[in-house]
Amino acid sequence: MSISKELYPSEEDLLYEEEILRNPFSLKLWWRYLIAKSEAPFKKRFIIYERALKALPGSYKLWHAYLRERLDIVRNLPVTHPQYETLNNTFERALVTMHKMPRIWIMYLQTLTKQKLITRTRRTFDRALCALPVTQHDRIWEPYLVFVSQEGIPIETSLRVYRRYLMYDPTHIEDFIEFLVRSGRWQETAERLASVLNDDQFYSIKGKTKHKLWMELCELLVHHANEISGLNVDAIIRGGIRKFTDEVGMLWTSLADYYIRKNLLEKARDIYEEGMMKVITVRDFSVIFGVYSRFEESTVAKSLEMISSSDEEDNENKENGVEEEEEEEEEEDARLDTSLTVRELERKILHGFWLNDDNDVDLRLARLEDLMDRRPELANSVLLRQNPHNVEQWHRRVKIFEGNPAKQILTFTEAVRTVDPMKAVGKPHTLWVAFAKLYENYKDLANSRVIFDKAVQVNYKHVDHLASVWCEWSEMELRHKNFNGALELMRRATAEPSVEVKRKVAADGNGPVQMKLHKSLRLWSFYVDLEESLGTLESTRVVYERILDLRIATPQIILNYAFLLEENKYFEDAFKVYERGVKIFKYPHVKDIWVTYLSKFVKRYGKTKLERARELFEHAVSMAPAESVKTLYLQYAKLEEDYGLAKRAMKVYEEATKKVPDDQKLEMYEIYIARAAEIFGVPRTREIYEQAIESGLPHKDVKTMCIKFAELEKSLGEIDRSRALYKYSSQFADPRSDPEFWNKWHEFEVQHGNEDTFREMLRIKRSVSASYSQTNFILPENMMQKDKRLDVEEAKDELKKAGLPEDEMAALERQLTSATSKSVGFVSAGIVVTQSGDQDNVKAPTSMNQEDIELPEESDESEGEDDRMEISQKEVPSAVFGGLARKRDAEDGNGEAEDGNNGRLGALARIKRPKREGNNQDAEAKS
């Protein structure tokens, strides 16, 4: 065979060839030669590789590089190309010496997998597993599983490979199960899943819990019921129902679905019923009921379809002329015909039998309707399974069977047997009462009394429950006109247990509620009502006295007992009952007893026993707390006004204003002032007003009292006193939050003041607003001047609106405004009014303006105008002033009357008076 000249060594290769000839077993020399020929054609490199491998057949580096280059050559060639066969042969030659190298095996196996050589690839994988140690098998199994998972690989081959793999690594059984699911091997999948769940030491490498695996098994068993056998599906799912309580509803429906797929519809229906009777949550019940109802609806729909299809077939047979010889069949006995098969014999015998009738639509509809009707009962059963001691649910269950007394009686019987009074949620005695009323509604009083008799023997948790049963029993007797029986029942119920019975109960430990029944207030209240209605006065008094002796009385019982005695004219006995009541109870419970007692005593005796009534009132107010004393003081004061002395009544009112709490003092003072004005006259109320203002009322109430006091002084003509009160109370009125007060003062100054007083009011308003403000702002000078001008103009406008003429005082004010426009400060131009007792003193201003103002001489016209000006004053009746009027008259008789009247002159007159005196002095000097 001739070799191409291109494959011979060139002159450049002689150096490498000579070295190799000298040392042909040096891997380094061969590798340097191959690197030098990296750009040469593969055929030439092929010769070098073959020569090197012949010299060094055990070199992994040479074989790996050689095989990689051969793989690169066939990478883009079809698998049918001859080069693949050459490649496979090369791999086989390499594995002669490299059979312990897993990388060579993997390269070879991947190449075979790509070529789709199934048998050869499988055998090569097996050879690799046999050749390599076990510690390196995991590198072979990974591509092996990829190979058997490809399409076109026989299922049996894949299964055998997976089973062998599980013998090597059982932890990857989940991969095998997934492969079985993909392959549709449901039987083996179920068996493998079951074995996994039965293995307590199993640990999922995919992070699946036992619950998830178990649910997958249930889903598999249900959806492939006909393909899986050998497993007890019913037992498996029921085991899950017991173990996984959060999936109970879904598991019951899955079990029923399993039987439906098995075409066991009646068994499926039984499973649905069993599930609804055993679940304990409404959610699970809703799941089962919804699936069950859809199942029944689907069976009805299927029956209707079958009927419609059979009708169509009958019509077609009639159209084609096919007729059955029914008469002949009736005459012949099918059982004697030996030529018939079993199926034909069954069809002939059962034909026309009602149990074999396919037309069962009515039955299925009845089942569906019955299921819907039973839903409330079934849902109630679920709630009762959650808590069988829930009284309310038992009542609802009885209401479900309304109209069916037999079922109601059975329900009540079950309820009273099941409910434990000590564990009951609700009032268990209501079950007994409703049970007895059920018999009463059907006119069966004998059984109703039997029920009540059993009910009163039950050991309830609370005494009130037992007392309610006795009261209901007695009310039933009353409804049926058995009055003596009702009273006898109350006597039985309220009878105190004997000493022997108490001793026995004490020895046993915790006694039943029957031992405490004789102290039940509810029972005694009902008993006393019965005695009042049916018994005599003496028997009723005995019952009331017994209640008081047991110390279970309430204030209402005391009042009822007293009213009963009053109705029967036993007034002193009624007052004794009141006395006992006020000794037994404390505040606030005794308040109603005191109020009723005192009002009844005063009404009966009036002033005949005035001292005793006073003693009662004094005792009552001394025992009462501040919150409850107001009503008693008002009653006390009314007693003094009606039957006693007015002076004592005022003393009671004054004492009341000191004893009542702060939030009631204002109201008490208002009552005190109103009564004092009505009895002693309006001037007497001044002392009360002053006392109220100084008594420490809250600021809001002090302001209210000052406003009322100021209104009083204004009505009496004391304008300055009224203004002083407004000034005093202004410190409690924030202009931003209490504009009503400042509006009242504003109206007052408009009616009775002048410009000075109005400006003083505005100044006070600004100072109060600044004191209430959290931040003080320093205004520039021009802003302050602007505010001053605005105040003057505002005062002038208000005086004009009030109807005052613009005299020379107004002109003087205009000059004053222009002259003081440069000054920042403010100096009052008016007089200072000080208050001392009941008299007002007028003083000259203590500070004078530093800038003198030259006033123009007044003309005759101005004097004439002053003479013509009249100041209207409202006359006040002298009776209103009392002693003040007499004192004023005495002062008028002296020479100082004119000076004494300065305090009563109007504000404008007091300002103009000094000017007139100055003019008179000037005239005398000129003359």
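Given the structure is predicted, the values throughout are model-derived calculations rather than measurements. (Residues numbered from 1 in each chain as written. Predicted model: local features only at pLDDT ≥ 70, side-chain atom pairs only at ≥ 80, totals over all residues. Heavy atoms only, no water.)

Visitor: Is there a simple way to explain the overall build of the chain in this structure?
Guide: Along its length, the chain carries 48 helices and two strands. A total of 927 residues make up the chain; the buried ones form 39% of that total. Here the contacts in the chain between residues at least 6 apart in sequence split such that 56% fall between residues at least 24 apart. (Helix = DSSP H or I, 4+ residues; strand = E, 2+ residues; numbered from the N terminus. Buried < 20%, exposed > 50% of the residue type's maximum accessible area, 1.4 Å probe, protein only. Contact = heavy atoms within 4.5 Å.)

Visitor: I tried to follow the packing of aromatic side chains on my own but got confused; where do I start?
Guide: Two aromatic rings, taken as a pair, are described by how far apart their centres are and by the angle between their planes. In the structure shown here, the tally under the stated rule is 41 aromatic pairs. Both rings, one in tyrosine 162 and one in phenylalanine 179, keep their centres 4.7 Å apart while their planes meet at 25°; by these two values the pair is stacked. Pair noted here: tyrosine 162 is in helix α9 (residues 155–168) and phenylalanine 179 is in helix α10 (residues 173–183), with a separation of 17 residues, a long-range link. Here the two residues tyrosine 162 and phenylalanine 179 agree in accessibility, since each one is buried. Ring geometry for tyrosine 689 against phenylalanine 709: centres 4.9 Å apart, planes inclined by 5°, an arrangement best described as stacked. On the criterion of sequence distance, the pair formed by tyrosine 689 in helix α37 (residues 685–693) and phenylalanine 709 in helix α38 (residues 699–715) is long-range, its members being 20 residues apart. When sorted by exposure, tyrosine 689 lands in the same class as phenylalanine 709, which is buried. Here the aromatic cluster, defined as three or more aromatic residues joined through ring pairs, consists of Phe125, Trp141, Tyr144, Phe147, Tyr165 and Tyr168. In this structure, lysine 61 is placed above the aromatic ring of tryptophan 31, and the distance from its NZ or CZ to the ring centre is 4.6 Å. (Phe/Tyr/Trp six-rings, centres within 6.5 Å; stacked < 30°, edge-to-face > 60°. Lys NZ or Arg CZ within 6 Å of the ring centre and 35° of its normal.)

Visitor: Explain the side chain of threonine 657 here, please?
Guide: Position of threonine 657 among the secondary structure elements: in helix α35 (residues 646–659). In this structure the side chain of threonine 657 is engaged in a polar contact, spanning 2.5 Å, whose partner is the backbone oxygen of glutamate 654. Contact partners of threonine 657, with chain neighbours within four places excluded, come to Lys665, Met668, Tyr669, Tyr672 and Gln691. (Polar contact = N/O pair within 3.5 Å; in protein donor to acceptor, adjacent residues only side chain to side chain.)

Visitor: Explain the confidence of the model for the chain here, please?
Guide: Detailed reading of predicted coordinates is not advised where the pLDDT is low. Scored by pLDDT, the chain comes out at a mean of 76, with 76% of its residues at no less than 70. Counted against residues more than four places away or in other chains, residues 893–912, with its pLDDT under 50, gives 30 contacts. (pLDDT = per-residue confidence, 0-100.)

Visitor: Can you help me understand helix α5 (residues 82–98) in this one?
Guide: For an α-helix, the turn length of 3.6 residues means that residues three or four places apart are oriented alike. A rise of 1.5 Å per residue sets the reference length of α5, with its 17 residues, at 24 Å; its end C-alpha atoms lie 24 Å apart and thus fit the reference within 8%. Of the positions making up α5, those classed as buried are Tyr84, Leu87, Asn88, Thr90, Phe91, Ala94, Leu95 and Met98. Seen end-on, α5 carries its buried residues on one side only, within an arc spanning 160°. Along α5, the residues that are exposed and aim more than 90 degrees away from the buried face are Pro82 and Val96. Of the surrounding secondary structure, the elements contacted by the buried residues of α5 are α4 (60–74), α6 (102–114) and α7 (118–131). (Expected span 1.5 Å × (residues − 1). Arc of directions from axis to C-beta.)

Visitor: What am I meant to see in the nonpolar core here?
Guide: As a rule of thumb, nonpolar side chains are buried together in soluble globular proteins. Ranked by size, the top nonpolar core spans 121 residues in total, and within it Trp470 and Trp594 carry the most contacts. Setting aside residues no more than four positions away along its own chain, tryptophan 470 makes contact with Val456, Leu489, Met490, Arg492, Ala493, Leu517 and Leu523. Residues Leu109, Leu112, Trp214 and Ile271 belong to the second largest nonpolar core, which totals 92 residues. (Core = buried A, V, L, I, M, F, W, Y, C linked by side-chain atoms within 4.5 Å.)

Visitor: Looking at this model, I keep getting lost on helix α29 (residues 537–549). Mind explaining?
Guide: Taking 1.5 Å of rise per residue, 13 residues should cover 18 Å, and α29 covers 18 Å from first to last C-alpha, within 8% of that figure. Listing the buried residues of α29 in full gives Thr540, Arg541, Val543, Tyr544, Ile547 and Leu548. End-on view of α29: buried residues confined to an arc of 160°, all on one side of the axis. Among the exposed residues of α29, those pointing more than 90 degrees away from its buried face are Val542 and Asp549. Contact partners of the buried residues in α29: α28 (521–534), α30 (555–567) and α31 (571–584). Just beyond α29, the residue with positive phi is arginine 551, at close to 60°.

Visitor: I would appreciate a short explanation of the side chain of lysine 630 in the present structure.
Guide: Looking at where lysine 630 falls in the secondary structure, it is placed in helix α34 (residues 629–643). The class for lysine 630 is buried, based on a relative accessible area of 14%. Within the structure, the side chain of lysine 630 is placed 2.7 Å from the side chain of glutamate 667, a separation counted as a polar contact. Contact partners of lysine 630, with chain neighbours within four places excluded, come to Val660, Gln664, Glu667 and Met668.

Visitor: Would you explain the packing of helix α32 (residues 591–605) against α34 in this entry?
Guide: In a packed pair of helices, the relevant descriptors are the angle between the two axes and the axis-to-axis distance. Taken N-terminus to C-terminus, the directions of α32 and α34 make an angle of 5°; their axes are 10 Å apart at the nearest point. On the basis of the axis angle, α32 is roughly parallel to α34. The segment α32 lies against α34, with Lys591, Trp594, Val595, Leu598, Ser599 and Val602 engaging Thr631, Leu632, Gln635, Leu639 and Tyr643. Here the residues of the contact of α32 with α34 are counted per class, giving seven nonpolar, three polar and one charged. (Axes fitted to C-alpha atoms, helices over the stretch in contact; angles between N-to-C directions. Parallel < 35°, antiparallel > 145°, perpendicular 65-115°, else oblique. Nonpolar A, V, L, I, M, F, W, Y, C, P; charged D, E, K, R; others polar.)

Visitor: Can you walk me through the pattern of salt bridges in this structure?
Guide: Any two side chains of opposite charge can pair if their charged atoms end up close together. Under the counting rule described, the total for this entry stands at 48 salt bridges. Notably, a salt bridge pairs lysine 714 with glutamate 711, separated by 3.5 Å at the nearest N-O pair. Pair noted here: lysine 714 and glutamate 711 are both in helix α38, with a separation of three residues, about one helical turn. A network of salt bridges, in which partner residues are shared, links Asp234, Arg238, Glu274 and Lys278. (Salt bridge = Lys/Arg side-chain N within 4 Å of Asp/Glu carboxyl O.)

Visitor: Looking at this model, I keep getting lost on the packing of helix α21 (residues 391–400) against helix α22 (residues 405–418). Mind explaining?
Guide: As a packed pair, α21 and α22 sit with axes 9 Å apart at the nearest point and diverge in direction by 170°. For the element pair α21 / α22, the angle class is roughly antiparallel. For the pair α21 and α22, the crossing hand works out as right-handed. Along its contact with α21, which presents Trp394, Arg397 and Val398, the element α22 presents Gln408, Thr411, Phe412, Glu414, Ala415 and Thr418. Tallied by class, residues from the contact of α21 with α22 come to four nonpolar, three polar and two charged. (Left-handed = near helix turned anticlockwise from the far one by under 90°.)

Visitor: Can you help me understand the environment of alanine 574 in this one?
Guide: Looking at the secondary structure, you find alanine 574 in helix α31. Sequence-wise, alanine 574 and lysine 600 are 26 residues apart; in three dimensions their C-alpha atoms are separated by 9.8 Å. Apart from the residues lying within four places of it in its own chain, the contact partners of alanine 574 are Ala562, Leu565 and Glu566.

Visitor: Would you mind going over the environment of lysine 210 with me for this structure?
Guide: On the secondary structure map, lysine 210 appears in helix α12 (residues 210–223). Residue classification places lysine 210 among the partly exposed positions, given a relative accessible area of 30%. Setting aside chain neighbours within four positions, we find lysine 210 in contact with Val196, Leu197, Asp199 and Asp200.

Visitor: Sorry if this is basic, but what is going on with unusual backbone geometry here?
Guide: Trans is the common state for peptide bonds, and a negative phi is the common state for residues other than glycine. Residue proline 588 is reached from tyrosine 587 by a cis peptide bond, and omega for that bond is 5°. Here proline 588 is to be found in the loop between α31 and α32. Non-glycine residue lysine 481 carries a positive phi angle of around 65°. Within the secondary structure, lysine 481 is located in the loop between α25 (463–479) and α26 (483–494).

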